[in-house]
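Per-entry structural report
Here is how the chains run, residue by residue.
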Amino acid sequence: MVRRVLGLGASVLLSSFVVFLVPFVSPGDPVRSLLRARMDIGAADEATVQAYAEQFGLHDPMLVQFGRWLGRFATGDMGISHISGTPVADQVLPAIGVTLSLAGSALLVAIVASILLGVASATRAGQWPDRLITSITHALIAIPEYALAPLLVLLFAVRFSLLPSAGFDSPASLVLPVFILALRPISFFTVAVRSGVCQALDSEHVLAARARGLSSTQALVRHVVPHGLLPLWTMVGVWFAGLLGGSVIVEVIFAIPGMGRLIFDSIVDADIPVAQGGVVVVVACAVVVTGIVDLVHKISDPNVRIGVRHG
Amino acid sequence: MKLGRLSAAAGFAALALALAACSSTSASSAPEKAADPEARVVVANFRAPVSNWALESDDAYVLSIAGCLETLAKYDQGTKTVEPMLATSWKQSSDTEWDFELRKNVEFQDGTIMDAKAVAASLNHVLKATAPARAVNPKTIKKVEALDADTVRVTTPGADPLLPYRMASVNAGVLSPAAYTGKGIDPMHHCTGPFAPVSEKAGQSLTLDRNENYWDGEVKLAGGEIRYITEGATRATQVQTVEADISMSIPATSLATLEADDKISVLKADSPRTSTLYLNNSRAPFDNPELRKAATMALDLPAMAASIYEGAAQPATGPFAPSEPWANPDLAVPQVNLVEAKKLVEASGYKQEKPLEIIAITERAEFAGVGAIIQEQFKQIGLQANVVTKSYGAAEPDVLAGKYDMILSQRNRMIDIADPIGFLQSDYTCEGGYNLSHYCNEDYDKLVGQALVEKDETKRHDLYRKAGDILAEDAANVWLVNEQAIDAVGAKVQGYVQDPLTRYVLTKDLAKTS
């Protein structure tokens with residue numbers, strides 16, 4: 001637990017510092033980027049740039065600025081957005097709520113679908129259902145979200161008027177973005193589940209279980225699936241962390257005010273407190289979720305439950 | 001702007017939608033019906049508020065589009081004149097003082113009376129902003145004070161015949177005193193307009209209800225919703241699926257699809273934006289006007305407008321769009337003349353030692369394609385050029401410092417006020433603060449100086465025309481295409497008047513059938 005908390009602290013510190021460095025290593029004046037985000041302006045006059053920088057202390061040395069942010073952060077204050085002048089928390093917390101529900105739903109769909117597909121594929125290894133599932137999952141890995149999203153919008157929103165084309169204000173509006181975000185994890189998870197189940201099917205303890213008189217279905221449910229899903233839980237944590245900050249394309253296409261878009265926009269506009277706040281929250285969520293997944297992993301690992309030590 | 005940074009993904013998405021939608025079924029338009037007083041209109045807007053509703057920022061546009069924010073005066077795009085709004089009249093009491101007579105019995109949506117004190121407080125709040133508004137700032141307005149309950153005096157630092165235009169800028173909007181809280185601007189029920197904002201979903205939309213006590217009479221709609229949809233293809237889809245009634249700023253890639261849909265009206269008007277190939281006039285080779293003219297002659301602007309812009313832009317004739325009252329009607333689209341262009345290049349004596357550089361800013365996805373076309377057409381007159389893509393922020397320091405050859409960019413001539421004086425001054429005078437091309441011509445500066453103090457509008461427009469002619473004659477830049485403002489409107493909407501300056505959408509006369 002202590003190790004995990006220390007790891008979280010180190011991750012937060014490192015990621016927030018990397019984000020903080022962006023405007024210092026980017027060409028152009030970050031203060032002018034901030035002003036352009038507020039209004040479609042040509043070149044702001046130097047007096048305005050200086051006054052704006054002064055307001056937020058943006059001309060202080062880099063480490064002074066980072067230290068100031070860190071000091072505030074240590075007291076639970078994520079700072080003030082340099083564009084809106086409002087607390088960063090007011091932007092970050094709603095966005096993480098949106099993203100957690102989006103990413104969480106996508107992963108839930110992916111887990112359920114991949115278990116069904118992976119088990120079906122493994123138990124019919126080499127037969128046509130296996131070949132079909134394998135082909136589809138491989139194809140889905142290759143299709144990018146920005147290509148799939150408009151096609152599905154066209155089909156389900158424009159052509160058949162079944163679902164909204166954008167927004168985040170009803171369960172129906174979640175269907176397409178969740179489905180699109182779920183497709184790639186479904187592909188990867190299915191491959192992992194198939195592989196895990198195939199290995200479990202060939203294992204000695206499953207053969208022993210069958211020899212004890214368990215039906216194939218009983219053996220599958222009690223012994224094969226629990227073992228076969230172990231690789232899945234490891235992947236879930238990694239994918240969840242990725243989806244928290246990495247669903248920006250889906251968020252843009254579906255006009256969803258999520259965290260990926262918030263972090264992306266704030267980095268582009270040099271609104272670093274918002275980017276830092278966003279990254280910190282994403283990292284914290286990722287660490288917490290990874291911890292939960294580890295726990296699920298341990299609970300669901302039959303070897304751990306019966307006291308078998310690996311290695 | 002930001003979406004341009006996701007241009008590859010967004011462009012692909014738009015293209016996929018446009019191609020696939022060609023097969024969608026089109027229904028016939030609904031028969032003419034009476035407006036439904038309980039109807040609400042959904043607008044897919046390209047702009048999202050990001051500055052906590054600060055009126056000095058572009059958030060003011062969102063409040064104006066929403067039918068919430070109003071100003072003392074209003075620029076009517078149809079009549080091309082400044083007309084009364086919250087002020088019924090104004091007069092210039094001295095060279096630097098303007099008195100605005102307020103409309104009587106106007107209430108803010110919270111029931112407070114709109115008096116001179118409230119108006120002065122609103123305008124002074126904008127004047128005090130750290131990052132001041134383009135039109136209303138301490139350089140243009142010295143002070144605002146209430147002379148009596150119904151009169152506001154605005155004092156300018158120098159003579160400014162365009163002050164009523166400044167008072168028509170959305171940044172000069174007037175809000176109830178209660179809107180100015182310690183945490184920023186709260187627009188909820190604090191405007192004077194036909195619609196009162198009642199709730200906001202952060203980052204998604206603003207919901208408005210009819211203002212039952214609107215000073216200008218009956219409001220036909222029960223309310224509306226402004227959705228913040230920054231991705232152009234998504235806005236186009238929203239009007240196709242009837243999720244939105246009006247979608248603003250439709251991208252070129254969605255144009256053909258929407259035009260083919262008989263349930264949708266596509267409205268186009270000249271926008272005040274001209275995509276321009278800025279030439280660095282301050283250093284070789286484009287410090288030579290003959291070479292700049294050769295560059296103009298080498299480019300096939302109609303082909304560019306038809307191909308890259310897919311009909312969403314018109315080839316430019318000069319620095320102004322032809323529909324603008326100060327544009328020279330005799331200026332024609334420059335014709336391609338490769339023979340003459342080559343002669344000019346040869347006569348200039350320019351010996352190219354290394355390829356020139358064309359910067360295509362990434363905020364505008366189409367500029368990469370435009371740059372490639374220019375590169376090819378320049379080759380035909382013996383000019384080698386490379387296209388490099390950069391974000392505007394990354395390019396700006398070098399461009400302002402005059403360390404570049406060419407940059408593709410675009411400007412809104414009327415971003416501050418509905419008059420091009422700010423653009424002519426900042427972009428082309430020798431001391432202009434945004435003179436990207438580093439152009440300098442004393443005759444031009446003299447004309448702009450005269451225009452700045454010219455009270456007579458006709459004479460002022462004439463001065464603008466002459467200034468524009470000088471720019472065209474000197475080939476200061478290559479003005480490529482005038483962009484069109486394109487809105488898509490659903491069949492049930494009635495009374496929508498397109499505003500190319502994107503200030504007004506939800507109005508008291510906007511209606512919708514059931």
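Rules used throughout
Residues numbered from 1 in each chain as written. Chains lettered and ligands numbered in written order. Predicted model: local features only at pLDDT ≥ 70, side-chain atom pairs only at ≥ 80, totals over all residues. Heavy atoms only, no water. Helix = DSSP H or I, 4+ residues; strand = E, 2+ residues; numbered from the N terminus. Buried < 20%, exposed > 50% of the residue type's maximum accessible area, 1.4 Å probe, protein only. Contact = heavy atoms within 4.5 Å. Areas by Shrake-Rupley, 256 points an atom, 1.4 Å probe, with all protein chains shown as cover. Lys, Arg positive; Asp, Glu negative; His and termini not counted. Charge placed at Lys NZ, Arg CZ, Asp CG, Glu CD. Pairing = 2+ DSSP bridges. Axes fitted to C-alpha atoms, helices over the stretch in contact; angles between N-to-C directions. Parallel < 35°, antiparallel > 145°, perpendicular 65-115°, else oblique. Left-handed = near helix turned anticlockwise from the far one by under 90°. Nonpolar A, V, L, I, M, F, W, Y, C, P; charged D, E, K, R; others polar. UniProt positions renumbered as here; feature names shortened; annotations may be inferred. Core = buried A, V, L, I, M, F, W, Y, C linked by side-chain atoms within 4.5 Å. Salt bridge = Lys/Arg side-chain N within 4 Å of Asp/Glu carboxyl O. Expected span 1.5 Å × (residues − 1). Bend = angle between axes of the 7 residues up to and from the residue. Disulfide = S-S within 2.5 Å. 1 Å grid on protein atoms, 1.4 Å probe; cavity = no way out; pocket = protein on both sides within 12 Å on 5 of 7 lines; lining within 4 Å. Points joined across faces, edges and corners; volume = space filled by probe spheres on them. Patch = residues over 30% accessible without salt bridge, like charges linked within 9 Å, V, L, I, M, F, W, Y side chains within 5 Å. Buried area = accessible area lost by both parts, 1.4 Å probe. Polar contact = N/O pair within 3.5 Å; in protein donor to acceptor, adjacent residues only side chain to side chain.

**Some remarks on the overall build of chain A**
Along chain A, the regular secondary structure elements total 15 helices and zero strands. Along the longest, intermediate and shortest principal axes, the C-alpha atoms of chain A span 85 × 55 × 30 Å. Within the span of chain A, comprising 311 residues, buried residues form 51% of the whole. In chain A, once contacts between residues fewer than 6 apart in sequence are set aside, the share between residues at least 24 apart is 71%. Summed over its atoms, the accessible surface of chain A is roughly 14,200 Å², and 68% of this surface lies on carbon and sulfur atoms. Between the centroid of the 19 positive side chains of chain A and the centroid of its 19 negative side chains there is a distance of 16 Å.

**Section: the sheet that holds strand S4 (residues 87–94) of chain B**
All names here are of chain B. One open sheet holds the four strands; their spatial order is S4-S5-S7-S6, and the pairing between them is antiparallel. Strands at the two margins of the open sheet, each flanked by one partner only, are S4 and strand S6 (143–148). On average, each strand axis in the sheet is inclined to that of its neighbour by 25°, with strand direction left out of account. As judged from the five bridges shared by S6 and strand S7 (residues 151–155), these two strands associate in the antiparallel manner. Following the sheet pairing, Glu-145 is matched in S7 by Arg-153.

**Quick notes on the packing of helix H9 (residues 204–211) of chain A against helix H10 (residues 216–228) of chain A**
Residue and element names in this part refer to chain A. Their axes nearest at 10 Å, the elements H9 and H10 cross at an angle of 160°. In terms of axis orientation, H9 runs roughly antiparallel to H10. Considering how the two elements wind past one another, H9 and H10 form a crossing that is right-handed. In this structure, H9 contributes His-205, Val-206, Ala-209 and Arg-210 to the contact, and H10 contributes Ser-216, Ala-219, His-223, Val-224 and His-227. Of the residues belonging to the contact of H9 with H10, the class tally is four nonpolar, four polar and one charged.

**Comments concerning the UniProt feature "domain: Solute-binding protein family" (unreviewed entry) in chain B**
Look at the UniProt record and you will see "domain: Solute-binding protein family" (unreviewed entry) annotated at residues 81–434 of chain B. For residues 81–434 of chain B, helix accounts for 26% and strand for 26%, while the C-alpha atoms at its two ends are 27 Å apart.

**Focus on the environment of B:Glu225**
All names here are of chain B. Structurally, Glu-225 is set in strand S12 (residues 223–228). Taking relative accessible area as the criterion, Glu-225 reaches 16% and is therefore assigned buried. As for Glu-225 and Val-42, which are separated by 183 residues in sequence, their C-alpha atoms are 4.7 Å apart. Sequence-distant contacts of Glu-225, defined by excluding residues within four places in its chain, comprise Val-41, Val-42, Val-43, Ser-205, Leu-206 and Thr-207.

**Some words on the nonpolar core**
Residues B:Leu72, B:Ile226, B:Ile246, B:Leu277, B:Ile374 and B:Leu480 are the most contacted members of the largest nonpolar core, which totals 135 residues. Take this core: its biggest share by element is seven residues, from helix H3 (residues 116–127) of chain B. Non-local contacts of B:Leu72, meaning those with residues more than four positions away in its chain, are made with B:Pro84, B:Met85, B:Leu86, B:Ala87, B:Trp90, B:Phe100, B:Leu102, B:Val119, B:Leu123, B:Met167 and B:Val174. Residues A:Val88, A:Ala113, A:Ile253 and A:Ile263 belong to the second largest nonpolar core, which totals 71 residues.

**As for the pattern of salt bridges**
In total, this model carries 31 salt bridges over all chains according to the counting rule given. The shortest N-O distance in the salt bridge between B:Lys201 and A:Asp169 comes to 4.0 Å. In this pair, B:Lys201 sits in strand S10 (residues 195–201) while A:Asp169 sits in the loop between helix H7 (145–159) and helix H8 (171–201), so the two residues belong to two different chains. You can call B:Lys201 partly exposed: its relative accessible area is 40%.

**Quick word on H8(A)**
What sets the pattern is the α-helix's 3.6 residues per turn: residues three or four places apart point alike. Here H8(A) contains 31 residues, and its C-alpha end-to-end distance of 39 Å is more than 12% below the 45 Å for a straight helix at 1.5 Å per residue. In the structure, H8(A) departs most strongly from a straight axis at A:Leu183, where the bend amounts to approximately 35° and where the proline A:Pro185 lies between one and four residues downstream.

**Here's the deal with the state of the cysteines**
Residue and element names in this part refer to chain B. For the structure on display, the rule yields two disulfides over all chains. The disulfide partner of Cys-68 is Cys-191, and the gap between their sulfur atoms is 1.6 Å. Of this pair, Cys-68 sits in the loop between helix H2 (59–65) and strand S2 (73–76) while Cys-191 sits in the loop between strand S9 (184–185) and S10, placing them 123 residues apart in sequence. The burial state of Cys-68 is the same as that of Cys-191; both residues are buried. Disulfide partner of Cys-430: Cys-440, at an S-S distance of 1.9 Å. Measuring the twist about the S-S bond at about 95°, one finds the Cys-430-Cys-440 disulfide to be right-handed. On the criterion of sequence distance, the pair formed by Cys-430 in the loop between helix H12 (421–428) and helix H13 (442–453) and Cys-440 in the loop between H12 and H13 is long-range, its members being 10 residues apart.

**Here's the deal with the layout of surface pockets**
All names here are of chain B. Taken as a whole, the second largest pocket encloses approximately 1,000 Å³ of empty space. Taken together, 42 residues form the lining of the second largest pocket, with Arg-134, Asn-137, Lys-139, Thr-140 and Ser-426 sitting closest to its centre. Here the lining of the second largest pocket takes five residues from H12, the largest share from any one element. Counted by class, the lining of the second largest pocket contains 19 nonpolar, 13 polar and 10 charged residues.

**Considerations on a nonpolar patch on the surface**
Residues and elements named next belong to chain A. Residues Leu-108, Val-112 and Leu-116 make up a contiguous nonpolar surface patch of roughly 310 Å² in combined accessible area. Topologically, Leu-116 is positioned in helix H5 (residues 88–123). Residue Leu-116 is classed as exposed on the basis of its relative accessible area of 59%.

**Observations regarding unusual backbone geometry**
B:Pro285 follows B:Ala284 through a cis peptide bond whose omega is 5°. You will see that A:Ala255, though not glycine, has its phi angle at about 50°, which is positive. Note that A:Ala255 resides in the loop between helix H12 (248–253) and helix H13 (259–268). With a relative accessible area of 7%, A:Ala255 lands in the buried category. Located in the positive-phi region is B:Val242, a residue other than glycine, with phi close to 65°. Its place among the elements puts B:Val242 in the loop between helix H5 (232–240) and strand S13 (246–247).

**Side note on the interface of chain B and chain A**
In this complex, chain B contributes 51 residues to the contact, which on the side of chain A involves 46 residues. In total, chain B and chain A occlude about 3,900 Å² of area from one another, counting both sides; carbon and sulfur atoms represent 62% of this. Our count for the chain B to chain A interface comes out at four salt bridges. A salt bridge links B:Lys139 to A:Asp45; the nearest nitrogen and oxygen atoms lie 3.1 Å apart. Our enumeration of links across chain B and chain A arrives at 10 residue pairs in polar contact (both at pLDDT 80 or more). Secondary-structure elements contributing two or more residues to the side of chain B that touches chain A are helix H1 (7–21), H5 and helix H11 (392–400) of chain B. The leading source of residues in the side of chain B that touches chain A is H1(B), at seven residues. Its residues assigned to classes, the side of chain B that touches chain A shows 22 nonpolar, 17 polar and 12 charged.

**What to know about the side chain of B:Asn171**
For B:Asn171, the location among the structural elements is in the loop between helix H4 (163–167) and strand S8 (180–181). A polar side-chain atom of B:Asn171 sits 2.8 Å from the main-chain carbonyl oxygen of B:Leu55.

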